[in-house]
Structures are given as structure tokens and as C-alpha cells.
Amino acid sequence: MFDKLRFSVPGGTEHLIPFAHLSRMQEAVELLGAEDFPLLMRLGAVDGLRLQPVRAGVLHDEALRASQRLVAHQVPTLTFHSPSGAALGSLFGGQGEADVAASDSARVSLTPRGIRIALRQFPPPVGFRSTPGLERGWFACFFASLRFGEDGICGLRTPEMGGSGAPVLLPELPKFPPVTRWHRAFVAGRPDVAEVRFAFTPAQDVFRDVLHALTAATQESLRLKRALEIHFE
């Protein structure tokens, strides 16, 4: 399965962009007006796209304009923290629901409303509710953070869920993705994750590497006056 796009210009430097990262950026750009970014939105739709310098210049302009428009856009984020509170890395979501971990009796996802946990358990923990779209016997709740300790997992509900503000004791949850699957990591191996928190990250920061690769590749096409080739890898 192809999971990266390779941008190359003969005589220039190759640039690799994870397809999942590009797709998330396109989702954000779509909310801003996809009709203003036809080439940018087309990336990844076909393999073997070849842009002559003039068209590469158009893509370059679209990438710059997208970067400017993304200034005001915020991306749902799941941040991982050590016992001392240090940031270990993060996972980024989108405008919908992004699956994080799942088992036969529990599902964890990242949404713009917070960390959503759905449980097949009766009676459910404090604050969990049956909501439209959930199968019978499942209950869900949104959390601002989850803390992992010797006594188990405790979650702080989002203000939207109400309650006293006291931590909610949760049952065992499915394992979260390893570091190698985080979208941004400041550590390697198997770090001790003591807490995960919900936050919003500026889109320009989230998509900085994608935008840099796009502008660098298109600039090389213009500088060398040679076609920009885009392939799956």
C-alpha cells in the first residue's frame, strides 16, 4: 500500500510527503474553499502527475495562499505527556472523528469536541450516555484528559459533559498507538505515558512540513525550468 507521495524534479532534491498528512491538510483546506485550490486538492488523486514549470508555479501559489488561510484554523490534537508533564508527542485529528484505539468493549477517538470514549458496559461509568448512532448497550462520554496511574485510568470530562469536575474512574482501555504511529514525536522507543490531553494546534504548525515540501519542490521546478513529477511510493 502506498503511503507517501514523492515530489521530484530532475537535477533537484526529492521530497517525500506522508499521504495521510496531505489528506488531513486537504480536509482543512476544503473547509476554507476547495474551489480556490484546484491543483492542491488534486494531489494524491492520481499517480504519476506531471506538472510543467508553469503549472508547478500555480501549485506554488496555491500552497502559499493555503498557508496564509490556515492561520486561523485549529486542528484537534491528542498530546502525550510524561509523569513530569513533559510533552512526548501528539496525534492530529480532523473535523470528523478519528479512531485512536479500539477493542470489543471500548473505543477511543479524537474529535473536535474532545477525547471520545465509548464503552460497552452496564452500568456505565459516571457521565456516560447513550447517544444517537451508538449501538445498543454502548455508552459514550467526552474527556479533556486521561491520566494513567497505579490505581487505573481516570478521566476529566469536558465542560460540555457537565458534572462536578471530579475525575471519572474508567475501565481498562485498548492500547494507544505506539510512538512510531504518532504524527509528531519528541521521543523514541516506549516512553512512559502518564497522561493524554485534548488540545487544539494551529494548522500552520501541524502542516508546516507538508507546506515546506510543496513550496520547495515547486520552487525547484521553477528554478530548473523542468517538470515536477509526483508519484506514490
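The structure this text deals with has already been given above.
The text that follows walks through the structure, step by step, so that each part is easy to find. (Residues numbered from 1 in each chain as written. Predicted model: local features only at pLDDT ≥ 70, side-chain atom pairs only at ≥ 80, totals over all residues. Heavy atoms only, no water.)

1. Quick notes on the environment of Pro202
For step 1, the next point in the chain: With respect to the helices and strands, Pro202 occurs in strand β13 (residues 195-202).
For step 2, the next point in the chain: Accessibility expressed as a relative area gives 38% for Pro202, which makes it partly exposed.
For step 3, the next point in the chain: Separated by 23 residues in the primary sequence, Pro202 and Lys225 place their C-alpha atoms 34 Å from one another.
For step 4, the next point in the chain: For Pro202, the contacting residues outside a window of four places in its chain are His73 and Gln74. (Helix = DSSP H or I, 4+ residues; strand = E, 2+ residues; numbered from the N terminus. Buried < 20%, exposed > 50% of the residue type's maximum accessible area, 1.4 Å probe, protein only. Contact = heavy atoms within 4.5 Å.)

2. Points about the sheet that holds strand β14 (residues 228-232)
For step 1, the next point in the chain: One open sheet holds the four strands; their spatial order is β2-β1-β14-β3, and the pairing between them is antiparallel. A strand with exactly one partner marks an edge of an open sheet, and here the two such strands are β2 (15-18) and β3 (49-51). When strand polarity is set aside, the average angle formed by the axes of neighbouring strands in this sheet is 20°.
For step 2, the next point in the chain: Sheet topology note: the β3/β14 ladder contains three bridges and is antiparallel. Across the sheet, residue Arg50 finds its bridge partner in β14, namely Glu229.
For step 3, the next point in the chain: Each of β3 and β14 is contacted by helix α3 (residues 53-69), which is oriented at about 100° to β3, the strand it contacts most.
For step 4, the next point in the chain: Running over the sheet, helix α5 (residues 208-224) touches β1 (4-8), β2, β3 and β14 and is turned about 145° from β2. (Pairing = 2+ DSSP bridges. Axes fitted to C-alpha atoms, helices over the stretch in contact; angles between N-to-C directions.)

3. Here's the deal with the packing of helix α1 (residues 19-33) against α5
For step 1, the next point in the chain: Where α1 contacts α5, the two axes come as close as 10 Å, and the packing angle between them is 95°. Considering their axes alone, α1 and α5 lie roughly perpendicular with respect to each other. Residues His21, Leu22 and Met25 of α1 form the contact with α5, whose own contacting residues are Val210, Leu211 and Leu214.
For step 2, the next point in the chain: Here the residues of the contact of α1 with α5 are counted per class, giving five nonpolar, one polar and no charged. (Parallel < 35°, antiparallel > 145°, perpendicular 65-115°, else oblique. Nonpolar A, V, L, I, M, F, W, Y, C, P; charged D, E, K, R; others polar.)

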